[in-house]
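Observations on the model geometry
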Amino acid sequence: MSYRAGRWPALLLGALLLWWSAMMPAIAASPRMVSAKQDELNMRSGPGTRHAAQWTVSKGYPLKVLAQRGKWLQVSDFENDKAWVYRPMTNGTPHHVVKSQVANLRRSPSTRSPVVARMEYGDVLRTLSRRGDWVQVGTTAGRTGWVPRRLVWGW
């Protein structure tokens, strides 16, 4: 084995570290999301049950994770309200919440497609798939349809 051949592992490791450092900002920039796993999830003023429950959210409600302290997550919602939730009461099932006054769910991802349901501000929808600027969602009543992403918040 020559001296040059022995440098390949070091060069490969260097290239890998360079790639990883370039990717870290993109990975860190994508927010971690969770959804309420329980029928009602208390949104608390601090990380622990000794902190007051400020409000509750319903099952499926999407939340953006801001920080973690033990088993507690600091989160924000689509209105940018911040609170703490107990991590075991959340899951990784994707959901959206309607952020416009009204959102028409359509049969297919087009504004020309027939409306199958009308949703209102704050309604929680289960995310089924995504296509371009559209999200396919399911309602608690079992209806499915497509809604423009600009009318909802979540993942």
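Look up: the structure comes first, before these words.
Notes on the structure follow. Every value quoted in this text rests on a predicted model; they were computed, and no experiment measured them. (Residues numbered from 1 in each chain as written. Predicted model: local features only at pLDDT ≥ 70, side-chain atom pairs only at ≥ 80, totals over all residues. Heavy atoms only, no water.)

**Details of the overall build of the protein**
Put simply, the test is: Secondary structure counts use DSSP, requiring at least four H or I residues in a row for a helix and at least two E residues in a row for a strand, with both numbered from the N terminus. Each residue gets one of three labels from its accessible area relative to the maximum for its type: buried under 20%, exposed over 50%, partly exposed in between, using a 1.4 Å probe on protein chains only. What makes two residues a contact is simply this: any of their non-hydrogen atoms within 4.5 Å. Each accessible area is a Shrake-Rupley estimate made with a 1.4 Å probe; only the visible protein chains count as cover when residues are assessed.
Helix and strand content of the protein: 1 helix and 14 strands. A buried classification covers 34% of the 155 residues belonging to the protein. Sequence separation of at least 24 residues holds for 49% of the intrachain contacts in the protein that already meet a minimum separation of 6. Only carbon and sulfur atoms are counted for the fraction: they give 53% of the accessible area of the protein, which is about 9800 Å².

**Re the side chain of Ser 100**
We count it as follows: Pairs of N or O atoms are called polar contacts if they sit within 3.5 Å, as long as, within protein, a hydrogen donor faces a hydrogen acceptor (for residues adjacent in sequence, only side-chain-to-side-chain pairs).
Secondary-structure assignment places Ser 100 in the loop between strand S8 (95-98) and strand S9 (102-106). The exposure class assigned to Ser 100 is buried, which follows from its relative accessible area of 14%. A polar atom in the side chain of Ser 100 sits 2.9 Å from the backbone oxygen of Val 102. Each residue touching Ser 100, except ones within four places of it in the same chain, is listed here: Glu 120, Tyr 121 and Leu 151.

**Focus on the packing of aromatic side chains**
Defined as follows: The aromatic pairing rule takes the rings of Phe, Tyr and Trp, using the six-membered ring of Trp, and pairs them if the centres are within 6.5 Å, calling planes under 30 degrees apart stacked, those over 60 edge-to-face and the rest tilted.
Under the counting rule described, the total for this entry stands at 3 aromatic pairs. Seen from their ring centres, Trp 72 and Tyr 86 are 5.2 Å apart, and the 50° between their planes marks the pair as tilted. Residue Trp 72 is found in strand S5 (residues 72-76), and its partner Tyr 86 is found in strand S6 (residues 82-86); the two are separated by 14 residues along the sequence. Classification of Trp 72 as buried rests on a relative accessible area of 13%. By relative accessible area, Tyr 86 is classed as partly exposed at 31%. Site record: aromatic cluster; members linked through ring pairs are Tyr 61, Phe 78 and Tyr 121.

**As for the side chain of His 96**
In this structure, His 96 sits in strand S8. Relative accessible area serves as the criterion here: at 5%, His 96 is assigned to the buried category. Of note is the side chain of His 96, whose polar atom sits 2.7 Å from the side chain of Thr 127. Apart from the residues lying within four places of it in its own chain, the contact partners of His 96 are Pro 62, Asp 123, Val 124, Leu 125, Thr 127, Val 135, Val 152, Trp 153, Gly 154 and Trp 155.

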